[in-house]
Protein chains: 2
Amino acid sequence: MASDGVAEFLRRLMLRSPLSAEEQHAVLHLSGQRYAMASGQDIVTPGQTVDHACLVVTGLAGRFDLDGEGCRQFTAFYLPGDMCDLHSVPSPHTGWGISALVPMTILRIPHAELRALVSRYNAVALALWLDTVVDASILAKWLAIFAHKTAKAGLAHLLCEMGIRMETVGLGAKTHFTFEATQEHLADTLGLTKVHMNRTLQALRKDGLVECVGRVIDIPDWPRLAKLAEFDPAYLLLKPQPTHFTAQIHERGIAANPD
Amino acid sequence: MASDGVAEFLRRLMLRSPLSAEEQHAVLHLSGQRYAMASGQDIVTPGQTVDHACLVVTGLAGRFDLDGEGCRQFTAFYLPGDMCDLHSVPSPHTGWGISALVPMTILRIPHAELRALVSRYNAVALALWLDTVVDASILAKWLAIFAHKTAKAGLAHLLCEMGIRMETVGLGAKTHFTFEATQEHLADTLGLTKVHMNRTLQALRKDGLVECVGRVIDIPDWPRLAKLAEFDPAYLLLKPQPTHFTAQIHERGIAANPD
DNA sequence: CGTCGTCTTGATTAACCTCAAGAGGTGTGG
DNA sequence: CCACACCTCTTGAGGTTAATCAAGACGACG
């Protein structure tokens, strides 16, 4: 019944939170209206008050903040299975916006459904809360990396993160994945100009740390890139906290709690 | 019975979330052990797994991230009444640390108590969740400002934020408050060196935008500082979202929902 | 009275921005 | 099939912001 994106959302929750069969079932019964978004279209307009959260079914979305001159700063990326704007459940009025970085499909899930879910199932409430905490953890790491580090290390870190996240949701391997963000999107994430982003990316390519054809990213030497970035995936709060764990994730699958 | 810091925490929650008398009462019954922390001491060590959250009773705490070379990046400041590390309720293992920036007293509240509270009272669960969302909202704003803007505008923005937050918790006015962070702490927040932070602060002083004696901050011309910073307090998610509201906050007091 | 933490200053170097323009691809309409 | 617009990526030269290294001044504290 629910391979319209909700199953991927449940899978994401269970990466970090154990849920009973009943709770899983309840999550899978979430429903909402499907929308197709054009590239560049706003999923959430800055300052809007919303009565629903948006689940990314396919594509890539970015949360952004606007400054006075209209410059964008991206503060999160959302992949398929991510519930963007889950924050809006406790805080329906958001200052930020979310836009589609590529043509994509989303599922709008009413707050009413989510609130009913969390009031009935305590474990689900904690799971959703944890989901926003993960978002905040990534944000804190971005701040630490982008404010302190050089553009090269910052970009390297972002690519490592996207690699792990893509692999975790089954979209390629951490060393080989498709990341549909333009160089300008990346520049607006790291707080650089697109010119400097271009040169930084070239530097990584010249060092043999990254290869790109189209929007496909290849990381020929993961350890070296991770070392340059000082990348430690612990902040992504995936279950097995010790550092070398990514291999296990796929084998575990979604049925962690069959009872 | 509970003017040991818990009342201030309840007050903070009620700035953003309406709670019934029973719910308020339940929050006030939170208890924990009181600790005195020395300046510079870690309240939470990076990588630690905790079974309690820490309520700031007096003083100032900072959440930080460490990079490979041991450089600190602060990712949050916590004032009296703030529950630092509330994130640890859904995620007990944290990558970041929290340290006392001045001598301070805290209250350690066991996760067990907080979890019992949220499982009984749905509105409290949403209130706590919202509290971590506010934290994330500040983080997103910091990223946007510090990554994009010049040091001068970034520092101006931080001072505006601290002014509003101090006034909101009743510690001075937004244009006149005590902020016990050293220039080095500020540098580690904006991602600058302490040398450059010093010069940036001097620039603000020379422009007549800020005056400091000791750790007391004076903002002679708030509108001009706010304009330089492009400061809009909406991201702090205080209740009356329209822009000019700070006057009302004090008058409302804690008894917003007497029933 | 000396030590330590914090603030301050100067000179040099590196990182990043700004402005400007061109190259390559893609989709569209004539 | 070509012409055109548009988006993204790329390159160059010069200017600004902030980092680095080094050292001195000041006050608080024991």
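See above for the structure.
Just so it is clear, the structure is predicted and the values come from calculations on it, not from any experiment.

Visitor: I'm lost on the protein's contact with DNA strand D in this one. Help?
Guide: Lining the immediate environment of DNA strand D, one finds 16 residues, of which Q183(A), N198(A), R199(A), Q202(A) and A151(B) sit closest. Backbone atoms, meaning sugar and phosphate, make up 64% of the atoms of DNA strand D lying within 4 Å of the protein. A distance of 2.6 Å separates a phosphate oxygen of DNA strand D from a polar side-chain atom of N198(A). Between DNA strand D and T193(B), the relevant distance is 3.2 Å, taken from a phosphate oxygen to a side-chain nitrogen or oxygen of the residue. Elements supplying a minimum of two residues to the surface near DNA strand D: helix 7 (194-206) of chain A together with helix 7 (194-206) of chain B. Here the element with the most residues in the surface near DNA strand D is helix 7 of chain A; it accounts for 5 residues. For the surface near DNA strand D, a count of residues per class yields 4 nonpolar, 8 polar and 4 charged.

Visitor: Is there a simple way to think about the interface of chain B and chain A in this case?
Guide: Reports of interface size often rely on the accessible area that becomes lost once the parts have come together. Taken together, the contacts link 43 residues of chain B with 43 residues of chain A. Taking both partners together, chain B and chain A bury about 3700 Å²; carbon and sulfur atoms supply 68% of that area. Among the residues of chain B in contact with chain A, W129(B), L143(B) and H148(B) are the three that bury the most area, contributing 21% of the side total. At the boundary of chain B and chain A, one finds 6 salt bridges. Residue E69(B) pairs with K149(A) through a salt bridge whose shortest N-O separation is 3.4 Å. The interface formed by chain B and chain A contains 12 residue pairs in polar contact (both at pLDDT 80 or more). Listing elements by their share of the side of chain B that touches chain A, those giving two or more residues are strand 5 (72-78), helix 3 (111-120) and helix 4 (122-148) of chain B. Broken down by element, the residue count for the side of chain B that touches chain A peaks at 18 residues, all from helix 4 of chain B. Of the residues in the side of chain B that touches chain A, the class split is 22 nonpolar, 13 polar and 8 charged.

Visitor: Explain the protein's contact with DNA strand C to me, please; I cannot follow it from the model alone.
Guide: Around DNA strand C, 15 residues are found, and the nearest of them are A151(A), Q183(B), N198(B), R199(B) and Q202(B). Sugar and phosphate atoms form 64% of the subset of DNA strand C atoms that lie within 4 Å of the protein. Take T193(A): an N or O atom from its side chain is 3.3 Å from a phosphate oxygen of DNA strand C. Of all the secondary-structure elements, those providing two or more residues to the surface near DNA strand C are helix 7 of chain A together with helix 7 of chain B. Examining the composition of the surface near DNA strand C, we find that 5 residues originate from one element, helix 7 of chain B, more than from any other. Tallied by class, the residues present in the surface near DNA strand C amount to 4 nonpolar, 8 polar and 3 charged.

Visitor: In this structure, what is going on with helix 7 of chain A? I would like to understand it.
Guide: A turn of α-helix holds 3.6 residues, and therefore any two residues three or four places apart point the same way. Residue and element names in this part refer to chain A. Its 13 residues place the ends of helix 7 18 Å apart at the C-alpha level, agreeing with the 18 Å of an ideal helix rising 1.5 Å per residue. Buried within helix 7 we find M197, T200, L201 and L204. Viewed along the axis of helix 7, the buried residues span an arc of 100 degrees, placing them on a single side of the element. Exposed positions of helix 7 whose direction lies more than 90 degrees from the buried face are R199 and K206. Considering only its buried residues, helix 7 is in contact with helix 5 (151-168), helix 6 (183-190), strand 10 (211-213) and helix 8 (222-229). Within two residues after helix 7, G208 carries a phi angle of roughly 75 degrees, on the positive side.

Rules of the game
- Residues numbered from 1 in each chain as written.
- Chains lettered and ligands numbered in written order.
- Predicted model: local features only at pLDDT ≥ 70, side-chain atom pairs only at ≥ 80, totals over all residues.
- Heavy atoms only, no water.
- Near = heavy atom within 4 Å.
- Polar contact = N/O pair within 3.5 Å; in protein donor to acceptor, adjacent residues only side chain to side chain.
- Helix = DSSP H or I, 4+ residues; strand = E, 2+ residues; numbered from the N terminus.
- Nonpolar A, V, L, I, M, F, W, Y, C, P; charged D, E, K, R; others polar.
- Contact = heavy atoms within 4.5 Å.
- Buried area = accessible area lost by both parts, 1.4 Å probe.
- Salt bridge = Lys/Arg side-chain N within 4 Å of Asp/Glu carboxyl O.
- Expected span 1.5 Å × (residues − 1).
- Buried < 20%, exposed > 50% of the residue type's maximum accessible area, 1.4 Å probe, protein only.
- Arc of directions from axis to C-beta.

Nothing here speaks to function; it is all geometry.
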